[in-house]
Each structure stands twice: as structure tokens, then as C-alpha cells.
Amino acid sequence: LALLGTRYSSTMAALCILCFGALFICLRANYRSQCEVIRSRARALTAEQILRAGTEAVGDGIVVYDRHQRVVHHNQRFLEFNSHLRIFPSLVGRSFAELAEAGLQAGFYARDPAVMANPQAWFAKRQRAMKLAISDATEHILPDGRIVHARLHPLQNDHCIAVLTNVTPEQSAQRLF
């Protein structure tokens, strides 16, 4: 700085050093925050992988709906119970109403007297339970004769989960007694 000789150039040099120092500190802080973002995403990905593995390991069909009654997640067993939904490339983002309408059009509920007596009222009841975060349970008779117990449970953030369990063996055993 002494070689430059003027007070102005010394002040400018000092300001440049301060600016580069501040820039370095900002870049370092940004790097650290980016590293934290990467670590957070990795933790979220791990949690999602665990959720997927867990739902696939369960013998029940599982579907999670968001606050707008759109599918957020489902497992393969859910598709096995609802084979008519394979017409969609993906269920994620589809609404409960879309899935119910597809079931009606495919004749999926044809053997289910509770639904067929008044389909609109039955679906409105399910949608109301989802919206109000009320636990609800129903039984469906699938086209192949299996009986599925469908339970709806509220989750945090206005989400809900539907769990479908094949109760055909239990129903058959009860008929024997």
C-alpha cells in the first residue's frame, strides 16, 4: 500500500481487501448452507426409501392422500386390490374422485351392494371422512369375490391413509361356525 503513495489508492486497496474478505465469508457460508441442503435432501431421500420399503413389506394395500384428496403414495398391493386402476400410468397426483369414477366405470364395485345402492352418497361419505379427518371403515366385495376391509385414518397436515386388508379367509371361517 505504501508503494502506491496516495491516500485514495490506499483507501481503495483497503476496501478491495474488505470486499474480497466479505465475499470469501459469504461464499464460505453459502457453501456450508449448500452442504446442509444436500445432507437434508439425502436424509429425506433415505426416509422416503424407508417409507416405500415399509409399505411394500406390509401385506395390506396402502394409499396416502394429501389435503386435496390426491394420491401422494401407494404400494403395489393397493394396485393388486384395485387392478382397474392400472389404466393410469401413475396414480400419484390423481384425485380420490378420479379413482372412484374409474372404479364405477370399470364395474369394480358391481358386486358391492353398499356402493351400488347409491354410489354418489357412498363416495360423498368417504370424501367427507377424508376432509374432516375422521376414521372410517368399510368393506368391499371385489369383482373376484374377495372381501377387502378398507380403513381410513387421518394423518398430520390434513393427509389421510387408507389401508386395505383382505378379510376373505376370516369371513369364510366365520361362515363355517
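Within the protein, the secondary structure is distributed over six helices and five strands. Each helix and strand of the protein, placed in order from N terminus to C terminus, yields the pattern α-β-β-α-α-α-α-β-β-β-α. Burial statistics for the protein: of 177 residues in total, 32% are counted as buried. Restricting the contact set of the protein to residue pairs at least 6 apart, pairs at least 24 apart contribute 37%. Split by element, the accessible area of the protein, about 11600 Å² in all, is 62% carbon and sulfur.

Taken in spatial order, the five strands make up an open sheet running β2-β1-β5-β4-β3, and their pairing is antiparallel. Since the sheet does not close on itself, it has two edges, and those belong to β2 (71-74) and β3 (136-141), each with one partner. Taken pair by pair, the neighbouring strands of this sheet meet at an average axis angle of 20°, ignoring direction. Two elements, strand β1 (residues 61-65) and β2, share three bridges in a ladder whose sense is antiparallel. Looking at β2, one finds that Y65 is bridged to V71.

Thresholds applied
- Residues numbered from 1 in each chain as written.
- Predicted model: local features only at pLDDT ≥ 70, side-chain atom pairs only at ≥ 80, totals over all residues.
- Heavy atoms only, no water.
- Helix = DSSP H or I, 4+ residues; strand = E, 2+ residues; numbered from the N terminus.
- Buried < 20%, exposed > 50% of the residue type's maximum accessible area, 1.4 Å probe, protein only.
- Contact = heavy atoms within 4.5 Å.
- Areas by Shrake-Rupley, 256 points an atom, 1.4 Å probe, with all protein chains shown as cover.
- Pairing = 2+ DSSP bridges.
- Axes fitted to C-alpha atoms, helices over the stretch in contact; angles between N-to-C directions.

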